[in-house]
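Residues per chain, in single letters:
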Amino acid sequence: MAPFKLVYHPGYDLHLGEHVFPSQKYRLIYEALLRDGIAQPGDFLTPEPAADADMLRVHTPDWVHKLKTGHLTLQELMHLEIPWSREMVDAVWLATGGAILAGQRALADGFAANLAGGLHHAHPGHGEGFCAIHDVAVAIRRLQADGAARKVMVVDTDVHQGNGTAAIFGGDHSVFTLSIHQEHNYPFPKPPSDMDIDLADGTGDEDYIAMLEKKLMVAFDEFLPDILYYIAGADPYREDQLGGLSLTIEGLKRRDRLVFEYARRLSIPVASAPAGGYARRTEDTVQIHVNTVIAAREILGRTRAPV
Ligand SMILES: [Zn+2]
């Protein structure tokens with residue numbers, strides 16, 4: 001048994017077909033965790049779809065209504081870059097329920113991984129970059145409303161800057177946002193996070209790890225959260241089709257371990273989300289996400305953060 005819970009639902013698949021976004025990866029991560037003996041069936045929790053009332057803590061009533069009824073304009077669909085479907089909407093509602101559940105379990109157990117989500121480009125009134133709803137932001141607002149967490153940090157290591165996160169939490173001193181990403185890549189413009197780490201094209205393992213470590217130290221010195229949401233994108237990988245950094249699979253695992261080491265040292269619970277990953281070989285993307293769970297077991301499984 002894993003020392004923490006993993007949150008998964010078969011409905012996580014957005015069923016996008018031949019899209020650059022391999023949304024079947026959620027199922028493949030789940031299957032790989034079981035196949036490789038990293039988790040047992042009893043380690044998984046099944047989320048409920050998020051309540052609309054929770055969505056409305058972050059998103060406008062108009063956007064939630066449009067998504068639910070499929071009344072998106074052509075321009076809104078072009079921004080979203082994925083087709084509207086009932087399966088897509090159901091998947092996003094489930095992923096958001098999963099982000100809430102992962103946060104609750106992380107607070108209880110020290111760590112939890114949601115195997116979907118990290119939809120960090122979604123804004124209150126529109127979706128973009130394959131992200132219709134900001135699952136992590138909704139979960140943060142729910143935890144805060146429940147009084148389960150007051151101060152929250154988001155560490156976003158997806159290759160693309162977390163513009164939705166920055167836009168939603170800009171000026172909110174209860175949520176600290178850190179994004180480490182490729183500077184010359186989508187999105188343009190990049191609304192400021194509390195800490196943005198703009199990396200040059202082709203940045204590799206050593207420079208990446210050194211920069212992340214230096215900045216994590218500064219961030220935790222400035223802000224000690226009750227919980228950390230870790231958006232662990234697989235797309236800084238050197239074989240990624242939508243990324244321009246040069247991290248190896250091993251380098252990405254070192255990245256995960258570094259984030260978890262800091263959290264463990266400071267007894268901060270962590271809830272993770274996979275976010276992007278568009279490697280030429282989908283099995284590489286899946287392995288990078290599986291490695292995040294392995295890194296969590298290696299680092300956070302040793303001692304549990306206090307409840
Ligand atoms: Zn990305």
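Scroll up for the structure.
These lines cover the structure that appears in this document, whether it is placed above or below. This structure is a prediction, so every number in the text was calculated from the model and none was measured.

### Description of helix 6 (residues 135-146)
The periodicity of an α-helix, 3.6 residues per turn, causes residues three or four places apart in sequence to face the same way. Between the first and last C-alpha of helix 6 there are 17 Å, a value that for 12 residues agrees with the 16 Å anticipated at 1.5 Å per step. Listing the buried residues of helix 6 in full gives Asp-135, Val-136, Ala-137, Val-138, Ala-139, Ile-140, Arg-141, Leu-143 and Gln-144. With its phi angle positive at about 75 degrees, Gly-147 sits one or two positions after the end of helix 6.

### A word on the nonpolar core
Core analysis: the biggest nonpolar cluster contains 109 residues, and Tyr-12, Leu-33, Leu-216, Leu-228, Tyr-229 and Phe-260 have the highest contact counts within it. Take this core: its biggest share by element is 13 residues, from helix 5 (residues 86-109). Excluding residues that lie within four positions of it along the chain, Leu-216 makes contacts with Val-155, Leu-178, Leu-258, Val-259 and Tyr-262.

### Regarding the coordination of the zinc ion
Looking at the metal site, the zinc ion is ligated by Asp-158 (OD), Asp-158 (OD), His-160 (ND1) and Asp-235 (OD), spaced 1.9 to 2.8 Å from it. Taken together, the 4 donor atoms surrounding the zinc ion define angles of 52 to 152 degrees at the centre, an arrangement classified as irregular. On the primary sequence, the residues serving as donors to the zinc ion are separated as D-x1-H-x74-D. Residue His-160 is found in the loop between strand 4 (152-156) and helix 7 (163-169), and its partner Asp-235 is found in the loop between strand 7 (227-231) and helix 9 (249-265); the two are separated by 75 residues along the sequence. Exposure remark for Asp-235: the relative accessible area of 0% places this residue in the buried category.

### Notes on the pairing of strand 4
The buried fraction of strand 4 amounts to 5 of the 5 residues, a majority that puts the element mostly inside the structure. Residues Val-152, Val-154 and Asp-156 line one face of strand 4 and the alternating positions Met-153 and Val-155 line the opposite face, and both faces are buried. In the sheet, strand 4 pairs with strand 5 (residues 175-182) via 5 bridges, with the strands oriented parallel. In the sheet register, Met-153 faces strand 5, and the bridge partner there is Phe-176. By the bridge criterion, 5 bridges tie strand 4 to strand 7 in an arrangement that is parallel. Looking across to strand 7, one finds that Val-154 is bridged to Tyr-229.

### Focus on empty space enclosed by the protein
In the structure shown here, the tally under the stated rule is 3 cavities of 30 Å³ or more. Each pocket or cavity is described by its volume, and for the largest cavity that value is around 70 Å³. In terms of lining residues, the largest cavity is bounded by Ile-29, Ala-113, Asn-114, Leu-115, Ala-232, Ser-272, Ala-273, Pro-274, His-289, Thr-292 and Val-293. Of the residues forming the lining of the largest cavity, the biggest block, 3 residues, is contributed by helix 10 (residues 282-299). Looking at the lining of the second largest cavity, its residues break down into 8 nonpolar, 1 polar and no charged.

### Some remarks on the packing of helix 8 (residues 205-222) against helix 9
With their axes 10 Å apart at the nearest point, helix 8 and helix 9 run at an angle of 15 degrees to one another. Put simply, helix 8 runs roughly parallel to helix 9. Seen from above, helix 8 lies across helix 9 with right-handed handedness. Where helix 8 approaches helix 9, its residues Asp-205, Glu-206, Tyr-208, Ile-209, Leu-212, Glu-213, Leu-216, Met-217 and Phe-220 are matched on the opposing element by Gly-251, Arg-254, Arg-255, Leu-258, Val-259 and Tyr-262. Residue composition of the contact of helix 8 with helix 9, grouped by class: 9 nonpolar, 1 polar and 5 charged.

### Re the side chain of Asp-13
Position of Asp-13 relative to the elements: it lies in the loop between strand 1 (5-7) and helix 1 (25-35). Separated by 2.7 Å, the side chain of Asp-13 and the backbone nitrogen of His-15 make a polar contact. Among residues more than four places away in sequence, those in contact with Asp-13 are Ser-23, Gln-24, Tyr-26, Glu-87 and Ala-91.

Parameters at a glance
- Residues numbered from 1 in each chain as written.
- Predicted model: local features only at pLDDT ≥ 70, side-chain atom pairs only at ≥ 80, totals over all residues.
- Heavy atoms only, no water.
- Helix = DSSP H or I, 4+ residues; strand = E, 2+ residues; numbered from the N terminus.
- Expected span 1.5 Å × (residues − 1).
- Buried < 20%, exposed > 50% of the residue type's maximum accessible area, 1.4 Å probe, protein only.
- Core = buried A, V, L, I, M, F, W, Y, C linked by side-chain atoms within 4.5 Å.
- Contact = heavy atoms within 4.5 Å.
- Donors = N, O, S within 2.8 Å, 3.2 Å for Na, K, Ca; no water.
- Tetrahedral: all angles 85-135°; square planar, octahedral: opposite > 155°, others 65-115°.
- Pairing = 2+ DSSP bridges.
- 1 Å grid on protein atoms, 1.4 Å probe; cavity = no way out; pocket = protein on both sides within 12 Å on 5 of 7 lines; lining within 4 Å.
- Points joined across faces, edges and corners; volume = space filled by probe spheres on them.
- Nonpolar A, V, L, I, M, F, W, Y, C, P; charged D, E, K, R; others polar.
- Axes fitted to C-alpha atoms, helices over the stretch in contact; angles between N-to-C directions.
- Parallel < 35°, antiparallel > 145°, perpendicular 65-115°, else oblique.
- Left-handed = near helix turned anticlockwise from the far one by under 90°.
- Polar contact = N/O pair within 3.5 Å; in protein donor to acceptor, adjacent residues only side chain to side chain.

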